[in-house]
2 protein chains.
Amino acid sequence: MNKTIETLLNHKTIRKYKNDSIPDNVLSRILEAGVRASTTGNMQVYSIIITKDRERRKELCKLQFNQKMVEEAPVSLTFCADFNRFNKWCKQRNAEPGYDNFLSFFTAAIDALLVAQNVCVAAESEGLGICYLGPTIYQADKLINFFDLPKGVIPVTNIVVGYPDEEPSQVDRLPMASVIHNEKYKDYSSEDIDSIYRYKESLPLTKELIEENQVDNLAQIFVYNRYKKEDNVHFSKVLLKVLKDQGFMNQD
Amino acid sequence: MNKTIETLLNHKTIRKYKNDSIPDNVLSRILEAGVRASTTGNMQVYSIIITKDRERRKELCKLQFNQKMVEEAPVSLTFCADFNRFNKWCKQRNAEPGYDNFLSFFTAAIDALLVAQNVCVAAESEGLGICYLGPTIYQADKLINFFDLPKGVIPVTNIVVGYPDEEPSQVDRLPMASVIHNEKYKDYSSEDIDSIYRYKESLPLTKELIEENQVDNLAQIFVYNRYKKEDNVHFSKVLLKVLKDQGFMNQD
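Below is a summary of the structure that appears in this document. (Residues numbered from 1 in each chain as written. Chains lettered and ligands numbered in written order. Predicted model: local features only at pLDDT ≥ 70, side-chain atom pairs only at ≥ 80, totals over all residues.)

1. A short note on the overall build of chain A
Within chain A, the secondary structure is distributed over twelve helices and five strands. Here the C-alpha coordinates of chain A stretch approximately 60 × 45 × 40 Å along the principal axes. Across the 252 residues of chain A, 50% fall into the buried class. For chain A, the share of sequence-separated contacts (at least 6 apart) that also reach a separation of at least 24 residues comes to 80%. (Helix = DSSP H or I, 4+ residues; strand = E, 2+ residues; numbered from the N terminus. Buried ≥ 20, exposed ≤ 12 C-beta atoms within 10 Å, placed from the backbone. Contact = placed C-beta atoms within 7 Å.)

Dropping the structure here:
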């Protein structure tokens with residue numbers, strides 16, 4: 001097995017970090033590896049914002065629902081869908097850009113996410129740990145303010161990076177065959193579903209969580225505790241408003 | 001420099017492929033490395049569809065705006081945002097899922113894109129070449145039909161994979177400093193824009209393209225030939241309709 005595959009297979013999300021800062025040359029190298037990711041038409045319609053300042057990390061931590069690693073890790077990287085730079089270039093060259101619509105946002109979001117994942121892989125290959133912050137898209141409106149993002153720019157994900165101060169065991173994944181389809185999508189029977197989730201449901205951690213949360217099963221923890229309908233509906237509205245306010249919903 | 005960083009820095013999109021098929025164990029390995037990517041709450045809300053069949057590759061090629069490598073490469077992988085499997089599990093466990101909204105779609109799309117990029121890195125580390133197919137999100141409605149995707153499933157990107165039959169030179173990237181911001185977003189002055197795009201505009205290929213397209217500059221090629229406003233508007237509508245039809249726009 002080659003080293004890169006090994007790095008990918010060994011991925012673990014790190015939630016506790018040492019105080020050690022990341023040397024500038026290491027951070028530069030992982031960012032340079034990041035921007036080599038594929039990008040639509042080589043437009044590079046993304047930006048990366050580095051947060052290192054301790055006070056800013058503290059504030060960002062609050063915006064990221066107080067996930068402590070945002071304050072503790074030495075570096076936080078926010079990946080933004082960004083058509084602002086490209087649009088400015090077009091206008092300056094007497095070319096009227098037509099990138100103020102949903103397709104363009106999604107194109108830029110794809111660009112940003114591929115770079116983010118490359119950066120994660122590069123970071124882990126250098127012995128660093130990473131953690132993705134889910135709340136980034138929930139809090140896009142507040143992050144736009146926090147980072148002074150102009151129209152045409154929307155944060156799509158955020159990672160913290162630093163030297164691991166824990167050695168967690170690797171989490172489970174669903175059986176490979178259950179996420180892969182050959183030629184056509186093979187929908188799941190109720191027997192398939194039981195079999196796909198059997199291992200996850202049998203884990204000691206799952207049993208602890210069910211007891212702790214006083215529910216019947218793991219699915220109920222997701223639906224009623226972790227990712228609730230009312231929150232999803234609320235943050236969907238926020239995100240769609242952000243798309244409009246940042247100038248990405250002009251397709252009517 | 002470590003091997004993984006080297007692989008990332010050497011990335012080139014491959015558009016010509018040998019006939020050689022990919023051994024099953026190699027394909028399995030890169031997919032296994034793929035699903036180790038971070039996923040929101042370990043929900044794995046994505047699916048991967050493998051297209052190998054020659055007739056299907058031919059049809060898929062047509063749907064991907066006749067980009068020949070879709071027919072020529074031995075394998076095409078379509079990465080889908082997929083809440084169908086997760087929703088079925090929830091319902092079967094007496095937990096009513098609330099994942100029929102825009103936030104949930106975007107969460108699942110992030111999941112799918114991180115896996116896609118991991119697969120690309122793994123593939124390149126094994127000597128394979130890859131090419132992302134942009135039209136996937138333009139043609140989501142037709143691909144849903146092509147792959148028999150049920151509600152809750154939307155294709156977000158597609159790559160072809162195979163052994164390279166060309167050695168293209170690496171394309172340019174904007175100066176690193178122009179896509180990186182420290183602490184806050186530093187907006188671009190007109191001098192910044194000139195300086196950021198100077199190298200790209202000076203390339204011999206750029207000059208050829210301008211002559212070929214009979215326009216004044218490179219920006220006009222993007223705006224008036226490659227990614228036109230009317231197409232972006234049209235495909236934005238298609239994509240938003242797909243989101244609605246696949247059950248991801250219930251947040252009103």
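The rest of the description comes next.
2. Focus: the sheet that holds strand E1 (residues 46–51) of chain A
The five strands are arranged E3(A)-E4(A)-E2(A)-E1(A)-E5(B) in an open sheet whose pairing can be described as mixed. Edge positions in the sheet fall to strand E3 (129–132) of chain A together with strand E5 (180–182) of chain B, since each of these pairs with one other strand and no more. Going from strand to strand, the sheet's axes swing by 25° on average, the running direction of each strand aside. By the bridge criterion, four bridges tie E3 of chain A to strand E4 (residues 153–162) of chain A in an arrangement that is antiparallel. Along E4 of chain A, the bridge assignment pairs Ile130 of chain A with Val161 of chain A. (Pairing = 2+ DSSP bridges. Axes fitted to C-alpha atoms, helices over the stretch in contact; angles between N-to-C directions.)

3. Some details on helix H12 (residues 229–245) of chain B
The periodicity of an α-helix, 3.6 residues per turn, causes residues three or four places apart in sequence to face the same way. An ideal rise of 1.5 Å per residue puts 24 Å on 17 residues; H12 of chain B measures up with 24 Å between its terminal C-alpha atoms. Within the span of H12 of chain B, buried status applies to Asn232, Phe235, Ser236, Leu239, Leu240 and Val242 of chain B. Buried residues in H12 of chain B, looked at end-on, bunch into an arc of 155°, giving them a common side. Seen from the open side of H12 of chain B, the exposed residues pointing more than 90 degrees away from its buried face are Glu230 and Lys244 of chain B. Looking at the packing, one finds that the buried side of H12 of chain B touches helix H6 (102–125) of chain A together with helix H7 (140–146) and strand E4 (153–162) of chain B. (Expected span 1.5 Å × (residues − 1). Arc of directions from axis to C-beta.)

4. Brief notes about the sheet that holds strand E1 (residues 46–51) of chain B
Spatially, five strands are ordered E5(A)-E1(B)-E2(B)-E4(B)-E3(B) in an open sheet, and the strand pairing comes out mixed. Two strands bound the open sheet, and with one partner strand each, they are strand E5 (180–182) of chain A together with strand E3 (129–132) of chain B. Strand after strand, the sheet turns through a mean of 25° between neighbouring axes, direction not considered. Note: E1 of chain B against strand E2 (residues 75–82) of chain B, six bridges, orientation antiparallel. Note on E2 of chain B: the bridge partner recorded for Tyr46 of chain B is Ala81 of chain B.

5. Brief notes about the packing of helix H10 (residues 204–213) of chain A against helix H11 (residues 218–226) of chain A
All names here are of chain A. Interaxial distance between H10 and H11 falls to 9 Å at its minimum, and their mutual angle equals 50°. It follows from the interaxial angle that H10 and H11 lie oblique. The interaxial crossing formed by H10 with H11 has left-handed handedness. The segment H10 lies against H11, with Thr206, Leu209, Ile210 and Asn213 engaging Leu218, Ile221 and Asn225. (Parallel < 35°, antiparallel > 145°, perpendicular 65-115°, else oblique. Left-handed = near helix turned anticlockwise from the far one by under 90°.)

6. A short note on the relation of the copies chain B and chain A
With an RMSD of 0.0 Å, the fit of chain B onto chain A corresponds to turning through 180° and sliding 0.0 Å along the axis. With respect to symmetry, the two chain copies, as superposed, fit the operation of a two-fold axis. Of the C-alpha atoms belonging to chain B, the one lying closest to the rotation axis is found on Thr4 of chain B, 2.5 Å away. (Least-squares fit on C-alpha atoms with pLDDT ≥ 70 in both.)

7. Topic: the nonpolar core
Side chains of a nonpolar character, in soluble globular proteins, are inclined to be buried together. Counting residues in hydrophobic clusters, the biggest one holds 159 residues, and the most contacted among them are Ala112 and Leu113 of chain A together with Ala112 and Leu113 of chain B. Those residues in contact with Ala112 of chain A, other than ones at most four positions away along the chain, are Tyr46, Phe79, Cys80, Ala81 and Val156 of chain A. (Core = buried A, V, L, I, M, F, W, Y, C linked by C-beta atoms within 7 Å.)

Spatial relationships are all this shows, so hold off on functional conclusions.
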